[in-house]
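# Architecture at a glance
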Amino acid sequence: MHLCYLTPEYPHPVIGRSGGLGSSIKNLAEQLVREGVQVTVVVTGQKTQRLFNDQGIFFHVLKHRHYAFGGFYLYRKHIERYLNILIRDTHIDLVEAPDWTGMTAFMKLKVPLVIRFNGSDAYFCKLDGRPQKKKNYWFEKRALLGANHLLSVSAFTANVTKALFQLKKDIKIIPNSIDTARFQPQPEKELPGRVLYFGTLIRKKGVLELPEIFNLVNRKLPDTKFIFAGKDVPDVITGQSTKAMIVAGMTPETQHQTLFLEELPYEAIREEIAKATVVVLPSFAEALPMTWLEAMAMEKALVTSDIGWAKEVMVNGETGYTVAPKNHEEFALRITELLKASELRKQLGKQARERVLERFSTEVVTLQNIKFYKSIVKTKTVE
């Protein structure tokens, strides 16, 4: 079986930085190769064109093309032609693409197309409570209606997306996975009194709730260090630096105890997770977040949001705590409780990793994906 993943991002030194989407594809692709599946990854919209093989995965990195008019259509048709030649020459059995921005809109491929819901623009706009550009909705809906099979990383994301686009097709649920050999506990590296947020500094991740939460923690435990590891982006509502908005919401005492590490390489994130005493992830909008799985796999005590997808990942009081991000007092109370109780942190961390091993490890999830792919390849029909 030969699978092709079409994606706008992938974490690799010669490709560039990536978010959770690229990390989820990487985890799955590498394990598929170990299981004897042939994998090709096509990365679009890049600055240079490259072809290479790394650890058994064939990479086609496509340079972005600029057009005087109609680039949204013409670049997609360019990718379609490229894929169909690749399908013919390398005997690809199916292509999978994400739902984000409807990147397969207008494409007609010669093998079945699977679209996996990692969160479309429409989905995140819905969760954020903000309007979506009509053209983005149209692209995404066209892509979804053109797919032969639909797959989602969480039931919550499937249900919201199905309602948004009035979809009639069945949606298979298979979660994201984590390489538990790469993300292992490193208790010897843990530093006392260190609270970590990692991920993009953006409103939808709940980071604008953290200043007041950290202020409350600081009043109880003034020696606590607060670490932000992630890229700063302009706020979608105010246009200001999100980092600047975070700092503005902190007391001088909390500011003094706060460190911003900016964007870190993929591998360096593990070091920061290892050093953390408590990890906080108060997001308002996710599909099934890789950051949560990474911290859980490393046996970290977590305080996360309690929204939608959260119940499919966390078990409140067993793998950490889930709290409404706007309930600052409760969020701060849980952080403070964990900072004070080392045995409780260890217990929750161990139970978090056990849940990941059982439900989200690459070994477990890859077998679910293979079974799903084989059911498609067996019939191999393009509607």
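As a starting point, this report considers the structure included with it. (Residues numbered from 1 in each chain as written. Predicted model: local features only at pLDDT ≥ 70, side-chain atom pairs only at ≥ 80, totals over all residues. Heavy atoms only, no water.)

Quick look at the pattern of salt bridges now. Close approach of charged atoms allows side chains with opposite charge to pair. With the rule as written, the count across this model stands at 19 salt bridges. Residues Glu96 and Arg116 are paired through a salt bridge, measuring 2.6 Å at the closest nitrogen-oxygen approach. Here Glu96, found in strand β5 (residues 94-98), pairs with Arg116, found in strand β6 (residues 113-117); they are 20 residues apart in sequence, far enough to count as distant. The closest approach of N and O atoms between Arg130 and Asp128, which form a salt bridge, is 3.0 Å. What makes Arg130 partly exposed here is its relative accessible area of 30%. (Salt bridge = Lys/Arg side-chain N within 4 Å of Asp/Glu carboxyl O. Helix = DSSP H or I, 4+ residues; strand = E, 2+ residues; numbered from the N terminus. Buried < 20%, exposed > 50% of the residue type's maximum accessible area, 1.4 Å probe, protein only.)

Turning our eyes to something else, we now look at the side chain of Lys300. For Lys300, the location among the structural elements is in the loop between α10 (290-297) and β13 (301-304). For Lys300, the side chain forms a polar contact with the side chain of Glu190, separated by 3.0 Å. Residues contacting Lys300, with those up to four places away along its chain left out, are Glu190, Ile273, Ala274, Ala276, Val279, Ala295 and Gly349. (Polar contact = N/O pair within 3.5 Å; in protein donor to acceptor, adjacent residues only side chain to side chain. Contact = heavy atoms within 4.5 Å.)

Looking now at the packing of aromatic side chains. All told, the structure shown has 20 aromatic pairs when counted by the stated rule. On the numbers, 6.5 Å between centres and 70 degrees between planes, the contact of Tyr5 with Tyr373 is edge-to-face. One end of the pair, Tyr5, is in strand β1 (residues 2-7); the other, Tyr373, is in helix α14 (residues 362-379), with 368 residues separating them in the sequence. Considered together, Tyr5 and Tyr373 belong to a single accessibility category, that of buried residues. The rings of Trp100, Tyr123, Phe124, Phe156, Trp292 and Trp309 are connected pair by pair, giving a single aromatic cluster. One Lys or Arg, Arg76, reaches over the ring of Phe139 and ends 4.6 Å from the middle of that ring. Over the ring of Phe183 we find Arg270; its NZ or CZ atom is 5.9 Å from the centre of that ring. (Phe/Tyr/Trp six-rings, centres within 6.5 Å; stacked < 30°, edge-to-face > 60°. Lys NZ or Arg CZ within 6 Å of the ring centre and 35° of its normal.)

Interaxial distance between α10 and helix α13 (residues 342-359) falls to 7 Å at its minimum, and their mutual angle equals 120 degrees. Between α10 and α13, the crossing angle belongs to the class labelled oblique. Contacts from Leu293, Met296 and Ala297 of α10 reach α13 at Gly349, Ala352, Arg353, Arg355 and Val356. In terms of residue class, the contact of α10 with α13 is made up of five nonpolar, one polar and two charged. (Axes fitted to C-alpha atoms, helices over the stretch in contact; angles between N-to-C directions. Parallel < 35°, antiparallel > 145°, perpendicular 65-115°, else oblique. Nonpolar A, V, L, I, M, F, W, Y, C, P; charged D, E, K, R; others polar.)

Our next topic: unusual backbone geometry. Among all residues save glycine, negative phi is the norm, and among peptide bonds the norm is trans. One non-glycine residue with positive phi stands out, namely Thr101, at about 60 degrees. Residue position: Thr101 is located in the loop between β5 and β6. Its identity as a non-glycine residue notwithstanding, Phe106 has a phi of 75 degrees, on the positive side. Along the chain, Phe106 turns up in the loop between β5 and β6.

Sheet topology note: the strand β3 (residues 50-54)/strand β4 (residues 57-63) ladder contains five bridges and is antiparallel. When the bridges of β4 are listed, Phe52 appears paired with Phe59. (Pairing = 2+ DSSP bridges.)

Further remarks concern the pairing of β4. Judged by how many residues are buried, β4 sits mostly within the fold: five of seven residues are covered. Bridge analysis of strand β2 (residues 38-46) against β4 gives six bridges, and the strand direction is parallel. Residue pairing in the sheet places Gln46 in a bridge with Lys63 of β4. If you look at the hairpin formed by β3 and β4, you'll find two residues sitting between the two strands, and Gln55 has a positive phi there, around 55 degrees.

Another aspect to go through is the environment of Pro211. Within the secondary structure, Pro211 sits in helix α6 (residues 210-220). Setting aside residues no more than four positions away along its own chain, Pro211 makes contact with Ile246, Gly249 and Met250.

With that out of the way, let us pick up the sheet that holds strand β7 (residues 149-152). One open sheet holds the eight strands; their spatial order is β3-β4-β2-β1-β5-β6-β7-β8, and the pairing between them is mixed. Two strands lie at the open edges of the sheet, namely β3 and β8 (171-173), each paired on one side alone. Across this sheet, the average inter-strand angle for adjacent strands is 25 degrees, counted without regard to direction. Pairing geometry for β7 and β8, over three bridges, is parallel. Across the sheet, residue Leu150 finds its bridge partner in β8, namely Ile171.

With 57 residues, the main nonpolar core has Phe198, Phe214, Phe228, Val280, Val303 and Ile335 as its most contacted residues. For this core, the element with the highest residue contribution is α10, accounting for six residues. Among the nonpolar cores identified, the runner-up in size contains 31 residues, and Leu62, Ile79, Ala105 and Leu113 belong to it. (Core = buried A, V, L, I, M, F, W, Y, C linked by side-chain atoms within 4.5 Å.)

Turning to the sheet that holds strand β14 (residues 321-322), a few remarks are in order. Pairing is parallel across the open sheet formed by six strands, whose spatial order is β11-β10-β9-β12-β13-β14. The sheet is open, and its two borders are formed by β11 (258-260) and β14, each paired with just one other strand. Looking at chain direction, strand β9 (residues 194-198) and strand β10 (residues 225-229) are connected through five bridges and run parallel. Residue Leu196 lies in a different strand from β10, and its bridge partner there is Ile227. Lying on the sheet, helix α9 (residues 266-275) is in contact with β9 and β10; it crosses β9 at an angle near 150 degrees. Most of the contacts of α10 go to β13, to which it runs at about 155 degrees, and overall it touches β9, β12 (278-281) and β13.

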